[in-house]
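Results of the structural survey
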Amino acid sequence: MPPLTAEKVADYLPLAGKMPHISGRIINVTHQIPYHVSRTMKTVVSSPSMLAPVREEDDDDFVEGDVAAAPISKVARNHRRRRTIRAQFRSAEWTIVQNRGHGALNAGLQGLNDEYDTLHIGWTGSIVDENHKNIKTENIAEQDRKSLEKLLMDTGRILPVFLDDGESRAHYEGYCKEILWPLFHYLVWSNKSDGRSEKQYWADYVAVNQQFADTVAANYRPGDVIFINDYHLLLVPEMLREKIPDAPIGLFLHATFPSSEIFRCLRTRKEILQGMLGANLVGFQTYAYARHFIGSCTRVLGCESTQTGVNVNGHIVSVGTFPIGIDAARVDQFRHQPGVAPKIKAIRDMFPNKKIIFGRDKLDTTKGVLQKLQAFEKFLHDYPEWRKECVLLQVTTPTNSDQSNYEMKVSEQVSHINGMYGSLEFTPVHHYYQDIDRDEYYSLLTTADVGLITSLRDGMNTTSFEYIVCQKESHGPLILSEFTGTAGSLSAALIVNPFDFAGVAKAIHDALTMTAEDKLTRHTQLYSYVLEHSASYWAKSFIKQLVECTQNFSLQSHATPTLNREQFITSFKKSKKRLLFFDYDGTLTPIVSVPSDAQPSPEMLSYLQTLCNDDRNNVWVISGRDQACLEDWLGSIKNLGLSAEHGCFVKAAGEENWTDVLNNVDMSWKKDVTEIFDYYTERTEGSFVEHKKSSITWHYRMADEEYGEFQAKECQNHLENSVVSKMPVEILVGKKNLEVRPMMINKGEVVKRLLAQTPDADFIMCAGDDKTDEDMFRQLSATYFTKYQAKLNQGDTSTTWNDTKANLYSITIGPPLKKSMANWQVEQPADIIQLLGDMAQTEK
């Protein structure tokens, strides 16, 4: 075995090793491009310099004096931003200006440009004329579209998608914002509807996703990697998989993902999940969201889950956690702009000797603004010594949706607090329901003594990261809701439950009375995390994992061709060292309703004995049956190797005793699994539990078919949440049964050991029929794929993958074109017996 070097270890760490090589481009797909597009009728002389970014304002536009320094409460709302960093590009017909939204996402995607060739595909957004009036897409001439496409391609390798105005509105404002967004944030719809509007929204959602998929497919080249972002495009992975079966596709969901109990309320739940499962890798902000997604796949689609993802018809969809970050260097640049310092001074002059608690949120019920105000009221009530010593500055940004009722509740709460605890000379809550300029935002983040975020549900919340960067000198504590995606990453913050007003009030008090040493310790940890886990780090981590997932995509399940018998026998005759592996039930004997009736036929026993008599053959039966059963039925065959209970017990040819592989395996999980299986057995008539030394199986073959399937999904979900997530075990979803076994004990491990003991084998046959046998097929394919990769690394490009596996015959038993990791397929066990007879005849 080659020595384990530091370089090799580094390759297994996230981004510690080299970024993977990608022969093509990374195609980034987002709902909207990172620019606002406007049409201009002004005549502009085209020149190369027109494509260079220019400042949006000139020095003579600066606002001077008191207004420039004034905080948001004293500044006229029609003043212009000072020295904005937003880039602007022009051509003869178009002007595009960098937008301010989705900063973390855009920063992450831009970070990929340093190492890879990229192409960004997204909707243009609403296009306006010089009077800021919307231009209908159908009114844009083809020539004008071409000129805009050229400008965007020259500017940032961007390919725009032109959506019909009606479809885009129903897609975004309809299905995304009225159906998916509330559901993902645990807001089950309360408005009454006959369902017609939702059906139309869904039709437009599908149409927009299809247009994106068509655009990506039309521009895809072999070697490209496709990176799809967010809940607007959840159907695109499956649509692309149908068009480009072998494409590496990744999907990242920036929003929260609810528990299966909530997600099941969605009428199109199956279609959404199936669309997402078209990807090779599905990424989420937190581990909880990933588990919710896997649980929904289990309960809604009946998929089998693994430790790394979801098994969909033999195809493994990896599921991972990739917390997004921000561009800390850019935030640091923003907070040092000339317009920030005077505003910092003005804010401090407004509140001399006062502690400032700052919050900024959208006016959305999920952001917890009302709960924040109620908690602040509780703080003033419980800690009267702070009533005239601190203020809450809350900036609430308007949204496109109608939140008038919520706005009224927030305003009433602000008035209530100020009336209860304020006076003519002091106001405890300053609430600003408006957009604020960037300079104002960063001046408030820098001036604050405490950052307060009380979101009820939030995918990530990058405000917390920006606050940490702006507190580099002051080390102000951060109070963060446990329901934000960042809470799991920012453990040094004061984590609170926003519904616990007393708990939030205590956290505010603790933050205001925290020692300088404690502040420094906490901030150092938080700041280090923000710097290391940047937006660029997030994007590169996801791409690296996606490439690793798809490198072995050729080893995934596929439609299996019918066995070429003539080729099989020819290869068998030519070989000099053979390994033969056979499953028992469903392979050497047919599946029967009573397991004890599956006794071997004399014909099959005779063929096996003939094969075992040849020294060139190493024959094994690897079964889920127990030792006693295999000894009783097959023990009379000389030189036959046996493996019982899916690899837990092994008896090599010529040996008298069985080897117990479970000697050093922790089996404490059996108690918990037994309790869960017993619970469902009591409630599912016709089901029973089978106990083996290595595993426990719940059978429901005799139960009502539909109810048995329903209970099996519920039981599987229960096991995954209670046992699999905590112990090293896995669930096998079999034919009318669920089996729980130790993770590293399976038929594939037996095959792996035997392959290592027989490195000179030049013919390998492996036959099986169910999911437990897929472990054997997967191990064989992985072994041969490693050989293939080694040849490629040595510069041998003449040998193909098919050439490498020419002497591997992994055979699955089942219907034609069955999806399997095997290379070949036969329809029934009788075909395997016939193959045994043909091989035995060859021996004679």
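Structure: above.
In this text the structure is predicted, and so the values were computed from the model without any measurement.

1. Focus on the packing of aromatic side chains
Within the structure shown, the criterion is met by 32 aromatic pairs. A centroid spacing of 6.3 Å and a plane angle of 20° characterise the contact between Tyr809 and Trp824, whose relative ring orientation is stacked. Pair noted here: Tyr809 is in strand β30 (residues 808-813) and Trp824 is in strand β32 (residues 824-826), with a separation of 15 residues, a long-range link. Across the pair, Trp824 and Tyr809 agree in class, each one buried. By way of ring pairs, the aromatic residues Trp181, Phe184, Tyr231, Phe257, Phe263, Phe284 and Phe293 are connected into one cluster. Positioned over the ring face of Phe162 is Arg145, at 4.9 Å from the centre of the ring.

2. Re the sheet that holds strand β14 (residues 390-397)
Spatially, the six strands line up as an open sheet ordered β15-β14-β13-β16-β17-β18, and their pairing is parallel. Each edge of the open sheet carries a strand with a single partner, namely β15 (429-433) and β18 (494-496). Pairs of neighbouring strands in the sheet enclose a mean axial angle of 20°, with direction left out of account.

3. Regarding the pairing of strand β8 (residues 249-252)
What you see with β8 is no split at all: Ile249 and Leu251 on one side and Gly250 and Phe252 on the other are buried throughout. Here strand β7 (residues 225-229) runs beside β8; their pairing, made up of four bridges, is parallel. From the neighbouring strand, Phe227 faces β8, where its bridge partner is Gly250. In this view, the connection linking β7 to its parallel neighbour β8 by way of helix α7 (residues 236-243) has right-handed handedness. Summarising the sheet, β8 and strand β9 (residues 281-284) pair through three bridges and their orientation is parallel.

4. Considering the pattern of salt bridges
One pass over the full model with this rule turns up 31 salt bridges. Here Lys747 and Asp583 are joined by a salt bridge, their closest N and O atoms 2.9 Å apart. Of this pair, Lys747 sits in helix α25 (residues 747-757) while Asp583 sits in the loop between β20 (578-582) and α21 (602-612), and the two are 164 residues apart along the sequence. The class of Asp583 is buried, set by a relative accessible area of 4%. Across the salt bridge formed by Lys671 and Glu675, the nearest N and O atoms sit 3.0 Å from each other. Note that Lys671 and Glu675 are positioned in helix α23 (residues 669-682) at a spacing of four residues, about one turn of the helix.

5. A few points about the sheet that holds β32
Pairing is mixed across the open sheet formed by eight strands, whose spatial order is β24-β23-β22-β21-β20-β29-β30-β32. Lying at the two open borders of the sheet, with one neighbouring strand each, are β24 (659-660) and β32. In this structure, β30 lies alongside β32, joined through three bridges in parallel fashion. Bridge pairing in β32 links Thr812 to Gln825. Lying over the sheet, α21 contacts β20, β21 (617-622) and β22 (640-644), oriented at roughly 140° with respect to β21.

6. Regarding the environment of Ala830
Topologically, Ala830 is positioned in helix α28 (residues 829-843). Looking at Ala830, the relative accessible area reads 47%, which means it is partly exposed. Considering only alpha carbons, one finds Ala830 and Leu588, 242 residues apart in sequence, at a separation of 7.8 Å.

7. Re the side chain of Thr256
Tracing the chain through its elements places Thr256 in the loop between β8 and α8 (260-263). Look at Thr256 and you get buried, because its relative accessible area is 1%. Ignoring any residue separated from it by four or fewer positions in sequence, one finds Thr256 in contact with Phe184, His185, Tyr289, Asp458 and Gly459.

8. Here's the deal with the packing of helix α9 (residues 269-276) against helix α10 (residues 287-301)
For the pair α9 and α10, the least separation of the axes is 10 Å and the interaxial angle reads 125°. Taken together, the axes of α9 and α10 are oblique relative to one another. As α9 runs across α10, the sense of the crossing is left-handed. Each of Arg269, Lys270, Leu273, Gln274 and Met276 in α9 lies in contact with α10, whose residues at this interface are Phe293, Ser296, Cys297, Val300 and Leu301.

9. Some remarks on helix α20 (residues 565-574)
All buried positions along α20 are accounted for by Phe568, Ile569 and Phe572. Down the axis of α20, the buried side of the element spans an arc of 90°, and every buried residue falls inside it. Exposed side of α20, more than 90 degrees from the buried face: Glu566 and Lys574 are the residues found there. Where α20 is buried, its residues touch β20, α21, β21, β29 (763-768), β30 and α28. For α20, the N-terminal cap is Asn564; the gap from its side-chain oxygen to the backbone nitrogen of Glu566 is 3.3 Å.

10. Details of the nonpolar core
By size, the foremost hydrophobic cluster in this structure holds 58 residues, and its most contacted members are Phe184, Leu234, Phe257, Phe284 and Phe293. Those residues in contact with Phe184 that lie beyond four places of it in its chain are Tyr231, Leu234, Leu253, Ala255, Thr256, Phe257, Pro258 and Phe263. Val225, Tyr442, Ile543 and Leu546 belong to the second largest nonpolar core, which has 57 residues in total.

11. Some words on the side chain of His523
Here His523 is to be found in helix α18 (residues 516-532). Those residues within four positions of His523 in sequence are excluded, and the remaining contacts are Ile468, Gln471, Lys472 and His475.

Cut-offs and rules
Residue indices follow the written sequence of each chain, beginning from 1 at its first position. Whole-chain, interface and lining totals are the exception, using all residues; otherwise, since this is a predicted model, local features are given only for residues with pLDDT of at least 70 and side-chain atom pairs are given and counted only at 80 or more. With hydrogens and water set aside, each side-chain value is computed from the structure's full complement of heavy atoms. Two aromatic rings, drawn from Phe, Tyr or Trp (for Trp, its six-membered ring), form a pair once their centres lie within 6.5 Å of each other, and the interplanar angle then sorts them: stacked below 30 degrees, edge-to-face above 60, tilted otherwise. Strands here mean DSSP runs of E at least two residues long; helices mean DSSP runs of H or I at least four residues long; both are numbered from the N terminus. Note on exposure labels: buried denotes an accessible area under 20% of the residue type's maximum, exposed denotes more than 50%, and partly exposed covers the range between, all computed with a 1.4 Å probe on protein chains only. Charge-over-ring contacts are defined here by two conditions on Lys NZ or Arg CZ: a distance within 6 Å of the ring centre and an angle within 35 degrees of the ring normal. Being paired, for any two strands, means DSSP has found at least two bridges between them. Lines fitted to the C-alpha atoms define the axes, with helices restricted to the stretch that makes contact. Angles between their N-to-C directions range from 0 to 180 degrees. By convention a crossover is right-handed if, when the strands point away from the viewer, the path from the first strand over the helix to the second runs clockwise. Definition used for salt bridges: Asp or Glu carboxyl oxygen within 4 Å of a side-chain nitrogen of Lys or Arg. Any two residues whose heavy atoms approach within 4.5 Å are treated as being in contact. Our angle categories are set so that under 35 degrees counts as roughly parallel, over 145 as roughly antiparallel, 65 to 115 as roughly perpendicular, and the remainder as oblique. By definition, turning the near helix anticlockwise from the far helix through less than a right angle yields a left-handed crossing, and turning it clockwise yields a right-handed one. For this quantity, the arc is that covered by the directions from the helix axis to the C-beta atoms. The definition of a polar contact used here is a pair of N or O atoms within 3.5 Å, where within protein one atom must be able to donate a hydrogen and the other to accept one, and adjacent residues in sequence count solely through side-chain atom pairs. In plain words, nonpolar cores are sets of buried Ala, Val, Leu, Ile, Met, Phe, Trp, Tyr and Cys residues tied together by side-chain atoms within 4.5 Å.

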